[in-house]
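# Overview (structure and organization)
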Amino acid sequence: MSLIVQKFGGTSVANTERIFNVADIVTKTYAAGNDVVVVVSAQGDTTDEFIEKANAINPHASKREMDMLLTAGEQISASLLAMAIEKLGYPVVSLLGWQAGFQTPSAYGSARIKKVKADRIQKEIDKKNIVIVTGFQGINRYGDMTTLGRGGSDTSAVAIAATMHADLCQIYTDVDGVYTADPRKVPNAKKLNVISYDEMLELATLGAQVLNNRSVEMAKKYNIELEVISSLTRQPGTIVKEEAKMEKMLISGVAKDNDVARVSIIGVPDKPGLAFKIFSKLAAKKVNVDIILQSVGRDNTKDIAFTVPQNMLEEAKSAVDEYARVIGAQNVVYDPDVCKVSIVGAGMETHPGVAAEMFEALFEANINIQMISTSEIKVSVLLAREDADSAVTAIHNKFFGTND
Ligand code: ADP
Ligand code: ASP
Ligand code: MG
């Protein structure tokens, strides 16, 4: 007997027909003799709609009340799916995050999972129930509900799989696997049969939302093999697993992230310690800094540019504006209309020239690069937001061709 965790995203449970489709997948898995734990997301765009409703009432609502609202979305899908499974004549129970033992710190809106105390889930499995758990949520030590951050249901599923030593963790979604680029934006993107944790982690972190990056991090840590699969076509999906067992791909994919803004401090006096001070001020405000570029000093000044997430631009401004004045920098420029486009591939470690090929693709498409950042398995460039989609297509075509 195997324990299988199956997670279904918003599109997979968007309406009655889709819920019965999921009920069919789950009950078939159960009828084949497996224990099944199901994790569900909120239906369709429910979470976005809730956020809109909240903004209409109070755009500065506390994070606690936001989580109180957002957790409702997953509760609706879990109960409706349980009702569908009841109707098909199978034993089932739905549980909220706190009932399923998801313990988190108090960081409303972006809580990490500290621990899953899975006794209740186990008890229900022992009673031969199919167990449905709301994704994306937990409880803090004050007994208040928390959410794990957008896309967090993937992490809920992996956390259950890790805690309960599941034999398989399937992430059902609206595409039939992980592709070399977002298949909705790049029609000739190719499906990958398998991808390593490290490459998937980079792709997810760099903007491929098909898997939440924390879920991949956790899957790697506990060595949980994931399958990304479509609930609609039910074809075999993409396996995410340890690299040791597979061939290194030169490039496994292209990703795009619009959640970036650029800060440029122009004419910083060229003397030691100033970069340290600027970035300490940003760290004190808990601003995550990503790509950093410093020009070579000229005429006793230099320029320092860096990127931050869009929602941290205000904090960045409050840290930088005043300090730039104090140190006598000439000017600070903020640009929220940028995007980061990246290529990821474990093979580039041993193949020089990959970055050059990427830059050539951008040159041929007449796209200007603002900043560059590299690691062993990725190259990222910062571009004007309006160039994002054509850049992804040009780079993808360069590495994967325009058609099969
Ligand atoms: P779910 O609601 O099931 O969690 P998401 O919307 O979070 O689904 O993730 C699935 C979406 O991720 C796809 O519809 C696709 O547009 C997008 N996506 C982005 N990059 C990729 C990629 N490289 N491979 C597959 N899908 C991708
Ligand atoms: N419903 C949440 C969201 O839209 C969590 C998830 O879907 O994973 O972000
Ligand atoms: Mg998702």
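Residues numbered from 1 in each chain as written. Chains lettered and ligands numbered in written order. Predicted model: local features only at pLDDT ≥ 70, side-chain atom pairs only at ≥ 80, totals over all residues. Heavy atoms only, no water.

On to the pattern of salt bridges, then. For the structure shown, the criterion picks out 19 salt bridges. Between Arg-64 and Asp-144 there is a salt bridge; the shortest N-O distance is 3.1 Å. Linking Arg-64 in helix H3 (residues 63-87) with Asp-144 in the loop between strand E7 (137-139) and strand E8 (145-147), this pair joins segments that are 80 residues apart in sequence. The shortest N-O distance in the salt bridge between Lys-117 and Asp-119 comes to 3.4 Å. Relative accessible area serves as the criterion here: at 40%, Lys-117 is assigned to the partly exposed category. Via salt bridges that share partners, Asp-24, Lys-28 and Arg-234 belong to a single interconnected network. (Salt bridge = Lys/Arg side-chain N within 4 Å of Asp/Glu carboxyl O. Helix = DSSP H or I, 4+ residues; strand = E, 2+ residues; numbered from the N terminus. Buried < 20%, exposed > 50% of the residue type's maximum accessible area, 1.4 Å probe, protein only.)

Turning next to the pairing of strand E9 (residues 168-173). Most of E9 sits inside the fold, with 5 of its 6 residues counted as buried. Sheet topology places strand E1 (residues 3-8) next to E9; 5 bridges connect them, and they run parallel. Each bridged residue has a counterpart across the sheet, and for Gln-6 the counterpart in E9 is Gln-170. Relative to strand E11 (residues 226-230), E9 runs parallel, the two being bridged by 5 bridges. Across the sheet, residue Gln-170 finds its bridge partner in E11, namely Glu-227. (Pairing = 2+ DSSP bridges.)

Of all hydrophobic cores here, the largest spans 45 residues; its most connected members are Val-5, Ile-121, Val-133, Ile-160, Cys-169 and Met-200. In terms of residue count, helix H5 (residues 153-163) provides more of this core than any other element does, 6 residues in total. In this structure, Val-186, Ala-189, Val-254 and Ile-343 belong to the second largest nonpolar core, which totals 24 residues. (Core = buried A, V, L, I, M, F, W, Y, C linked by side-chain atoms within 4.5 Å.)

Let us now look at the site of ligand 2. By nearness alone, every residue bordering ligand 2 is listed as Ser-41, Ala-42, Thr-47, Glu-74, Phe-136, Arg-150, Gly-151, Gly-152 and Ser-153. With respect to ligand 2, the backbone of Gly-152 contributes an N or O atom lying 3.4 Å from an oxygen atom. Here ligand 2, which alone exposes 270 Å², has 86% of that area covered by the protein. Residues that form the shell around ligand 2 fall into these classes: 2 nonpolar, 5 polar and 2 charged. (Near = heavy atom within 4 Å. Polar contact = N/O pair within 3.5 Å; in protein donor to acceptor, adjacent residues only side chain to side chain. Areas by Shrake-Rupley, 256 points an atom, 1.4 Å probe, with all protein chains shown as cover. Nonpolar A, V, L, I, M, F, W, Y, C, P; charged D, E, K, R; others polar.)

For the rest of this paragraph, the subject is a nonpolar patch on the surface. Together, Ile-76, Leu-80 and Met-83 line one region of the surface with nonpolar side chains, adding up to about 250 Å² of accessible area. Inspection of the secondary structure assignment puts Leu-80 in helix H3. (Patch = residues over 30% accessible without salt bridge, like charges linked within 9 Å, V, L, I, M, F, W, Y side chains within 5 Å.)

Turning our attention to helix H9 (residues 313-327). Taking 1.5 Å of rise per residue, 15 residues should cover 21 Å, and H9 covers 21 Å from first to last C-alpha, within 8% of that figure. Those residues of H9 not exposed but buried are Leu-313, Ala-316, Ala-319, Val-320, Tyr-323, Ala-324 and Ile-327. Looking at the packing, one finds that the buried side of H9 touches strand E14 (261-269), helix H8 (274-284), strand E16 (301-308) and strand E17 (331-335). (Expected span 1.5 Å × (residues − 1). Contact = heavy atoms within 4.5 Å.)

Everything listed is a geometric property; what it means functionally is a separate question.
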